[in-house]
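# Topology and contacts: notes
Residue-level listing of the chains:
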Amino acid sequence: MKVLFRADEIAERVKVLGREISSCYRGGDLMVIGILKGSFMFLSDLVRQIDAPVQLDFVRLSSYMNAREPQGTVKITMDIENDIKGRDVLIVDDILDTGQSMLAFRRHLEDKSAQSVRVCTLLDKTYRRQAPIQPDFYGFRIDDGFVVGYGLDYAEQYRALPDIYVLDT
Ligand code: IMP
Ligand code: MG
């Protein structure tokens, strides 16, 4: 495994992201929705860098991996608990890959009549994108292979590592 981003580089970037997000939602009352489990570490660092009142909620998504479901369908295995009607919502995830699950989930939140829905992802694999969605805020663009650490897993391993690594293939 090769280190891609060290904990201190991540922390620096998260600080800057926190400032960007704070100025975007100045004075507002923000609902941050974390996608479990991958976002847990990024989200907990990020919200501490946001200088605005923040409320938190969480979801668990699982994508249909077999071809029997329509492409881009996402299954919400645990939905948010708060009413987001008229609210400014920021979805936080670890990595935006094909974008299929994020696109479907953003639509789901828009259907709940949120005032605004934006996306913040720590890592952006732009070259892998299939769905028409881009992050409103991102930490790093990457084009390397499969990454783990800082919340990201491979078969539930490596989530707790403080740095981000590229797995050898
Ligand atoms: P998408 O619908 O293809 O964008 O799926 C994104 C999800 O796939 C992320 O939230 C991660 O859970 C997972 N994922 C995609 N690429 C990686 C990776 O390199 N490492 C770990 N998880 C990944
Ligand atoms: Mg995920």
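Computed from a prediction, not measured in an experiment: that's the story for all the values here.

Procedures and definitions
- Residues numbered from 1 in each chain as written.
- Chains lettered and ligands numbered in written order.
- Predicted model: local features only at pLDDT ≥ 70, side-chain atom pairs only at ≥ 80, totals over all residues.
- Heavy atoms only, no water.
- Helix = DSSP H or I, 4+ residues; strand = E, 2+ residues; numbered from the N terminus.
- Buried < 20%, exposed > 50% of the residue type's maximum accessible area, 1.4 Å probe, protein only.
- Salt bridge = Lys/Arg side-chain N within 4 Å of Asp/Glu carboxyl O.

### What to know about unusual backbone geometry
- In the segment running from Leu36 into Lys37, the intervening peptide bond is cis, with an omega of 0°.
- Relative to the elements of secondary structure, Lys37 occurs in the loop between strand 2 (30-36) and helix 2 (40-47).
- In the Ramachandran plot, Ser113 falls in the positive-phi region, its phi being about 60° despite a non-glycine side chain.
- With respect to the helices and strands, Ser113 occurs in the loop between helix 3 (100-111) and strand 6 (116-124).
- Judged by relative accessible area, Ser113 falls into the partly exposed class, the value being 38%.
- The phi torsion at Tyr150 lies on the positive side, around 50°, for a residue other than glycine.

### Re the pattern of salt bridges
- What the rule picks out here adds up to 13 salt bridges.
- Residue Asp45 pairs with Arg48 through a salt bridge whose shortest N-O separation is 2.9 Å.
- Given the relative accessible area of 26%, Asp45 is considered partly exposed.
- Judged by its relative accessible area of 63%, Arg48 is exposed.
- Its salt-bridge partner being Lys112, residue Asp79 comes within 3.4 Å of it at the nearest N-O pair. With Asp79 in the loop between strand 4 (74-78) and strand 5 (88-96) and Lys112 in the loop between helix 3 and strand 6, the pair connects residues that are 33 residues apart, well separated along the chain.
- Using a relative accessible area of 30% as the deciding quantity, one classes Lys112 as partly exposed.

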